[in-house]
Amino acid sequence: MLDLKQIRKQFPILSRKVNGHDLVYFDNGATTQKPDSVIAAESNYYQNENSNVHRGVHFLSGLATDKFEETRITIQNFINAKHSHEIIFTKGTTDSINIVASGYRSLLNKGDEIIISELEHHSNIVPWQMCCEQSGATLKVIPLLDNGTLDMAEFGNLLSKNTKLVSIAHISNTLGTINPIEKIIEKAKAVGAKVLIDGAQAASHISINMQSLDADFYCFSAHKLYGPTGVGILYGKEDVLNELPAYQGGGEMIKEVSFKKTTYAGLPHKFEAGTPNIAGVVAFKAAINFITGLGINNIAKHEEELLKYATEEVLKIEGLRIYGTAKNKSAIISFNINELHPYDIGMIVDKMGIAVRTGHHCTQPIMDKFNIPGTARISLAVYNTKDEIDICIKAIKKAKIMLS
């Protein structure tokens, strides 16, 4: 069993007041709060270890480099990658997807096809649209069913010998749907396609194993798993990463430079041009250690209990509809109440110290599917409690009365 009191004590922001009320933070799908260990790791880097990495022979450079590379190995172990050089540090999930999409512009031809789905975040839509516009490839979309799951039968129909890549979210940031990525990967591999999994909403909630999953690419952001903003990873199989052209030119990603020709460094440096977010990468390790210290399966069990309880309670509110009712679902509840605008609900509960998300959540095609302007979204994390859910339910009921 998790000791929630001890867990919450590690997050200083959870003790603050918002509009005179104790903060109830239910916007974890956008970003999670940070424990003391992560804050301390980033602060300690700047206070005691600050130097550039991979480029100096002096003590501080060696120390910073060691700390930087320790995080790479920590993440390798966290997702069970085969090699540490298959872990590329990026600015986040969006950056990671763009690296792959940019590379595929030169690998695709007219007649080739990429498949995404109707529930993707904009970050897993727009880069592929740009890729197809420049390469002449065709973008195909797996439809969304009314319960928030993908139409797997139609996915089978979309696959063909022309499918070169399938890019799918592991978990929907809006609906909470946990996609059957094992089946998706298996079907894609059967036609010779590569697979990218957007794990931004999954990495802090469920166990990830690259050896059993067999994805070609997997990516996530530190800030959604209790780490700092501005840093994330792109995992790629060694041979697949070697096939991709370099994404950016500059320092670190080169082997030799002359005015006649430049040769590129090997993995992972080929995709890590310029000075990275060193402090963020160092603190990323502390975030991973926080998760592994609690146990990802323990976190998942706690969040499943919260989701079950919250779902039961919100459905007692007359006129409330939940969008995303898949059986296999993460701790996310997107909802509307009758004709009330979700923004108005969000504004009122904020006055009572409760942070929920409102809007289209960077998933406008989902909103178009359900013919709505947006939703209010509750997204839960390991430090949330049933008492907080009760406070939120009370606030939502009050907002309904005020707006009706």
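Description of the structure in this document.

### With respect to the packing of aromatic side chains
The geometry of an aromatic ring pair is captured by the separation of the ring centres together with the interplanar angle, meaning the angle of the planes. The full count for this structure, using the stated rule, is eleven aromatic pairs. Counting every residue linked through ring pairs, the aromatic cluster contains Phe11, Tyr226, Phe290 and Tyr383.

### Describing the pattern of salt bridges
This model, assessed by the stated rule, comprises 17 salt bridges. For the salt bridge of Lys285 with Glu70, the shortest nitrogen-to-oxygen distance reads 3.1 Å. Taken as a pair, Lys285 in helix H10 (residues 278–294) and Glu70 in helix H3 (residues 59–79) lie far apart in primary sequence, 215 residues in all. Close ionic contact of Arg72 with Glu272 constitutes a salt bridge, the shortest N to O distance being 2.8 Å. Taken together, the residues span a long stretch of sequence, with Arg72 in helix H3 and Glu272 in the loop between strand S12 (262–264) and H10 at a distance of 200 residues. On the basis of relative accessibility, which here comes to 1%, the residue Arg72 falls in the buried class.

### What to know about the pairing of strand S11 (residues 254–257)
As paired strands, S11 and S12 are joined by three bridges and run antiparallel to one another. Across the sheet, Ile254 pairs through a bridge with Tyr264, a residue of S12. As consecutive antiparallel partners, S11 and S12 are separated by four residues.

### Some details on the sheet that holds strand S13 (residues 320–323)
Read across the sheet, four strands follow the order S13-S14-S17-S16 without closing on themselves; strand pairing throughout is antiparallel. Of all the strands in the sheet, just S13 and strand S16 (357–359) have a single pairing partner and so form its edges. Sheet twist, expressed as the mean angle between neighbouring strand axes with direction ignored, is 30 degrees.

### A few points about the nonpolar core
Membership of the largest hydrophobic core comes to 72 residues, with the highest contact counts inside it found for Ile79, Tyr218, Phe220, Phe284 and Tyr383. For this core, the element with the highest residue contribution is H10, accounting for nine residues. A domain split of this core shows at least three residues from each of domain 1 (4–30 + 296–403) and domain 2 (40–293).

### Overview of the state of the cysteines
For the structure on display, the rule yields zero disulfides. Of the cysteine sulfurs around Cys131, a residue in no disulfide, the closest is that of Cys132, at 5.3 Å.

### With respect to the sheet that holds strand S6 (residues 138–142)
Taking strand neighbours across the sheet as the criterion, the seven strands line up as S4-S10-S9-S8-S7-S5-S6 in an open arrangement whose pairing is mixed. The outermost strands of the open sheet, each flanked by one partner alone, are strand S4 (87–90) and S6. Taken over all neighbouring pairs, the strand axes of this sheet differ in orientation by 20 degrees on average, direction set aside. In this sheet, strand S10 (residues 232–236) lies alongside S4 in antiparallel orientation, the contact comprising four bridges. The partner of Phe89 across the bridge, within S10, is Ile233.

Cut-offs used in this document
Residues numbered from 1 in each chain as written. Predicted model: local features only at pLDDT ≥ 70, side-chain atom pairs only at ≥ 80, totals over all residues. Heavy atoms only, no water. Phe/Tyr/Trp six-rings, centres within 6.5 Å; stacked < 30°, edge-to-face > 60°. Salt bridge = Lys/Arg side-chain N within 4 Å of Asp/Glu carboxyl O. Helix = DSSP H or I, 4+ residues; strand = E, 2+ residues; numbered from the N terminus. Buried < 20%, exposed > 50% of the residue type's maximum accessible area, 1.4 Å probe, protein only. Pairing = 2+ DSSP bridges. Axes fitted to C-alpha atoms, helices over the stretch in contact; angles between N-to-C directions. Core = buried A, V, L, I, M, F, W, Y, C linked by side-chain atoms within 4.5 Å. Domains from an automatic or database assignment. Disulfide = S-S within 2.5 Å.

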